[in-house]
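Commentary on secondary and tertiary structure
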Amino acid sequence: MIDISLGLVRVTEAAAIAASAWIGRGDKESADKAATQAMRERLNQMDFSGKVVIGEGKKDNSFGLYGGEVLGKFAKTKNVPVYELAVDPIDGTRPTVTSGPEAMSVIAVGEQGSLFSTAEFYMNKLAYGPEIARKTELHLNEPLKQTIERVSKATGKAVSKIMVCILDRPRHEKAVAELRSIGVRIKLIQDCDISGAIACCLPQSGIDLLYGIGGAPEGVITACAMKCLRGALQVQVMTKECKIADPKIYSINDLVRGHCIFSATGITNGSLLRGVRFTSTGPVTYSVFMRSESGTIRWITAYHGNLMPPSESA
Ligand code: VTB
């Protein structure tokens, strides 16, 4: 893949900075518009051609970066590779405008023809980290009790020490009751299941599994992140009414074929990234940038001014 790495970090940084102007201000539309525009502007400054295959819009009634939009300086140039983009200018519009946790700006890029896309609304997801993946394979359609037993065996942790992350939604009432009766610990999140899945790959997070129904676009973006992190993900495509739309269980290589790259920048503070901070010399951003080919994970702190603020200089 061409090296557009730093360019992509600049894309999520710009979107996160734009979104951060709307933190706590209660205006989802303006936050989303600002982040989407910033993301589009930055993408259009890059020396490449990229087609949005997973975009904004459908679920959030958003402003552009819809599926089909082609961006980049070479958008109109013939015979250049067209990369596929999965974008989420703000994952967590609600926590952005209510100053809640975990909001971040995200993009994933794959080669031509590599990213799965669906017009459906949701995916049921099961994500876990490389440590568990090396020892066992979990199955989305297996009873939760069995899944948890496998995790307990793979990690050597008692069931009561296992932590499952799940979106706090009425549709998960049954699953949460089941998890409680099994006896695991549960991290109920309000939004942002992309970072919930990534957390499964980071030992310091304490999270072993992400389970449950979340957005379909987020599912494909999560697959890109998990591919870079050598984690595992299984999904099943669901309708808006949470009915099974397609019985097939997809895994990472079905959702993203070939190599991909992933960048995320924090908008508000979260378990993965700190949010945008303003200093006397300009905004400071915290990003993670990952490549599936090498498995490199870069944590990037950027000072967007002329100078580091005096208090933070070495
Ligand atoms: C999740 C969550 C996202 O959408 O995918 C969720 O990770 C699923 O949709 O941050 P519902 O809100 O309808 O449950 C988000 O909250 C983003 O919209």
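Each remark here, short or long, concerns the structure printed above.
Residues numbered from 1 in each chain as written. Predicted model: local features only at pLDDT ≥ 70, side-chain atom pairs only at ≥ 80, totals over all residues. Heavy atoms only, no water.

**A look at the site of the ligand**
Contacts to the ligand come from 14 residues, most closely from Asp91, Tyr122, Arg169, Asp191 and Asp193. Asp91 places a polar side-chain atom, nitrogen or oxygen, 2.7 Å from an oxygen atom of the ligand. Taking Gly215, its main chain carries an N or O atom lying 2.8 Å from an oxygen atom of the ligand. Taking 410 Å² as the accessible area of the ligand by itself, protein coverage stands at 88%. (Near = heavy atom within 4 Å. Polar contact = N/O pair within 3.5 Å; in protein donor to acceptor, adjacent residues only side chain to side chain. Areas by Shrake-Rupley, 256 points an atom, 1.4 Å probe, with all protein chains shown as cover.)

**Side note on unusual backbone geometry**
With the exception of glycine, the majority of residues adopt a negative phi angle, and the majority of peptide bonds are in the trans configuration. Positive phi is not limited to glycine here, since Glu102 has a value of about 80°. Structurally, the position occupied by Glu102 is in the loop between α3 (93-97) and β4 (104-110). If you check the backbone angles, Cys242 has positive phi at about 65° while not being a glycine. Inspection of the secondary structure puts Cys242 in the loop between β9 (232-238) and β10 (250-251). (Helix = DSSP H or I, 4+ residues; strand = E, 2+ residues; numbered from the N terminus.)

**A look at the pattern of salt bridges**
Opposite charge on two side chains makes pairing possible when the charged atoms of those side chains draw close. The final tally for this structure, using the stated rule, is 8 salt bridges. We note a salt bridge from Asp193 to Lys125, for which the minimum N-O separation is 2.8 Å. Of this pair, Asp193 sits in helix α7 (residues 193-199) while Lys125 is found in strand β5 (residues 122-128), placing the two residues 68 residues apart along the sequence. Each member of the pair, Asp193 as well as Lys125, is classed as buried. Salt-bridge contacts for Asp208 lead to Lys157; the nearest nitrogen and oxygen are separated by 2.8 Å. Taken together, the positions of Asp208 in the loop between α7 and β8 (209-215) and Lys157 in the loop between α5 (144-155) and β6 (163-167) put the pair 51 residues apart, joining distant regions of the chain. Its relative accessible area of 27% is what places Lys157 among the partly exposed residues. Through salt bridges with shared partners, a single ionic network connects Arg94, Arg169 and Asp191. (Salt bridge = Lys/Arg side-chain N within 4 Å of Asp/Glu carboxyl O. Buried < 20%, exposed > 50% of the residue type's maximum accessible area, 1.4 Å probe, protein only.)

**Brief notes about the pairing of β4**
Judged by how many residues are buried, β4 sits mostly within the fold: 7 of 7 residues are covered. Burial along β4 is two-sided: the face carrying Met104, Val106, Ala108 and Gly110 and the face carrying Ser105, Ile107 and Val109 are both buried. For strand β3 (residues 82-91) and β4, the ladder comprises 6 bridges, and the chain directions are antiparallel. Bridging from a neighbouring strand, Glu84 pairs with Gly110 of β4. (Pairing = 2+ DSSP bridges.)

**Considering the packing of aromatic side chains**
In total, this model carries 3 aromatic pairs according to the counting rule given. Aromatic pair Phe48 and Tyr83: ring centres 6.4 Å apart, planes at 25°, arrangement stacked. One end of the pair, Phe48, is in the loop between α2 (28-44) and β1 (49-54); the other, Tyr83, is in strand β3, and 35 residues separate them in sequence. You'll find Phe48 and Tyr83 in the same group, each marked buried. Consider the rings of Phe121 and Tyr122, whose centres lie 4.9 Å apart with planes at 85°: the pair is edge-to-face. (Phe/Tyr/Trp six-rings, centres within 6.5 Å; stacked < 30°, edge-to-face > 60°.)

**Observations concerning the nonpolar core**
Counting residues in hydrophobic clusters, the biggest one holds 45 residues, and the most contacted among them are Met123, Ile198, Leu233, Leu255 and Phe262. Not counting residues within four places of it along the chain, the set of residues in contact with Ile198 comprises Ala225, Met226, Leu229, Phe262 and Leu272. Formed by 33 residues, the second largest nonpolar core is a distinct cluster that contains Trp22, Leu43, Met46 and Ile261. (Core = buried A, V, L, I, M, F, W, Y, C linked by side-chain atoms within 4.5 Å. Contact = heavy atoms within 4.5 Å.)

**Some remarks on helix α8 (residues 216-229)**
Along an α-helix, residues three or four apart share an orientation, since each turn contains 3.6 residues. Along its 14 residues, α8 runs 20 Å from first to last C-alpha, staying within 8% of the 20 Å computed at 1.5 Å per residue. Counting buried positions along α8 yields 13 of 14 residues, so the element is predominantly enclosed. Looking one or two places after α8, you find Arg230, whose phi comes out positive at around 65°. (Expected span 1.5 Å × (residues − 1).)

**A short note on the side chain of Asn124**
Along the polypeptide, Asn124 turns up in strand β5. Exposure remark for Asn124: the relative accessible area of 11% places this residue in the buried category. In contact with Asn124, other than residues within four places in its own chain, are Leu140, Tyr211, Gly212, Ile213, Gln234, Val235, Gln236 and Met238.

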